[in-house]
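# Tertiary structure, described
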Amino acid sequence: DSITAITVVAMGTSLPDTFASKTAAEQDPYADASVGNVTGSNCVNVFLGLGLPWMIAALHWSFVGKDAAWDAKYQQAEGLDWLGPKGSRKQGFVVMAGSLGFSVTVFSICAVVTVVMLALRRKFLGGELGGPAASRWASAGFLIFLWLLYIGLSSGQTIAEMGGLTCPNFAS
C-alpha cells in the first residue's frame, strides 16, 4: 500500500497540477506562478489529503469504540504507551508510522535540493525554466533523477520494514 501511495496515487493527484504548472510557466516570464502552483498543490495534498481522512477516522474511533479486532492488533503492540498500559488500553485512532518518517526526510532533502537548483538556475541562467536546450534537459534529467531516488529509497525502506521481498511458492 505504501509503495502504491508514493507512486501511482501520487502521480494521479499531481499529473493535473503538472499541466497547470506548464501553462503557468509559459505565461509567466519568471515561472513564479508555476512554482507557487506546485507548492500550493502539495500543501493541499498533504494537509487536506491527509488531515481530512485522519480527522474522520479519529472521529469514527471516538464514537464507535474498540472491538475485538482493535484489541487483537493494538493491546500488546509496542510504542502505544500513550493509550495506556498493555492489555488495558482505551481505544484510539492508531496509525503505525512505518517508513513515513524516512520517506518525509528523503522528500524534504529532495525538495531542498530542488529549491537550490531553481535558485542556481535563476542566478546563472536568468530564470528557473527555459534557457539553452542543454541546461533545460540537464535540469529535467536531474529532477527525474531526484524523483526516482525518492521512489527507490522510500520503496526500499518500506520493503525492508516488511521483512524484505518474498517470492510465492507456486510449486506446492
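The shown structure was predicted, so the numbers you read here are calculated from the model rather than taken from an experiment.

## Quick word on helix α2 (residues 32-64)
With 33 residues, α2 should cover 48 Å at 1.5 Å per step; its first-to-last C-alpha distance of 47 Å lies within 8% of that length. Those residues of α2 that fall on the buried side of the exposure criterion are Ser-34, Ser-41 and Ala-57. Of the residues one or two after α2, Gly-65 is the one with positive phi, at around 85 degrees.

## Here we look at the nonpolar core
Core analysis: the largest hydrophobic core is formed by six residues, namely Trp-70, Tyr-74, Ala-77, Leu-80, Leu-83 and Val-94. Beyond its immediate stretch of four places on either side in the chain, Leu-80 contacts Tyr-74, Arg-89, Val-94 and Met-96. One finds Val-106, Leu-146, Tyr-150 and Ile-151 within the second-largest nonpolar core, a separate group that totals five residues.

## Here's the deal with the pattern of salt bridges
Counted under the stated rule, the structure contains three salt bridges. For the salt bridge of Lys-22 with Glu-26, the shortest nitrogen-to-oxygen distance reads 2.5 Å. Residue Lys-22 and its partner Glu-26 are both found in helix α1 (residues 2-27); the two are separated by four residues, about one turn of the helix. For Lys-22, a relative accessible area of 47% gives the class partly exposed. With a relative accessible area of 57%, Glu-26 lands in the exposed category. A salt bridge links Lys-86 to Glu-78, with the nearest nitrogen and oxygen atoms 2.3 Å apart. What makes Glu-78 exposed here is its relative accessible area of 59%.

## Brief notes about helix α4 (residues 100-125)
When the terminal C-alpha atoms of α4 are compared, their 36 Å separation across 26 residues agrees well with the 38 Å that a helix rising 1.5 Å per residue should span. Within α4 the residues assigned to the buried category are Ser-103, Val-106, Cys-110, Met-117, Leu-118 and Arg-121. Remark: Gly-126 follows α4 within two positions and exhibits a positive phi of approximately 85 degrees.

Cut-offs applied
Residue indices begin from 1 for each chain and proceed along its sequence in written order. Under the rules for a predicted model, residues below a pLDDT of 70 receive no local features and side-chain atom pairs below 80 are neither given nor counted, while totals for whole chains, interfaces and linings still include all residues. Derived side-chain values reflect all non-hydrogen atoms in the structure, with water molecules and hydrogen atoms excluded from consideration. Helix and strand definitions here come from DSSP, where helices need a minimum of 4 consecutive H or I residues and strands a minimum of 2 consecutive E residues; each element is numbered from the N-terminal end. The span one expects for a helix is its residue count, reduced by one, times 1.5 Å. Type-normalised accessible area, obtained with a 1.4 Å probe on protein chains alone, sets the label of each residue: buried when under 20%, exposed when over 50%, and partly exposed for intermediate values. What we call a nonpolar core is a set of buried Ala, Val, Leu, Ile, Met, Phe, Trp, Tyr and Cys residues that are connected through their side-chain atoms within 4.5 Å. In what follows, residue pairs with any heavy atoms lying within 4.5 Å of each other are defined as contacts. Salt bridge, as applied in this entry: a Lys or Arg side-chain nitrogen positioned within 4 Å of an Asp or Glu carboxyl oxygen.

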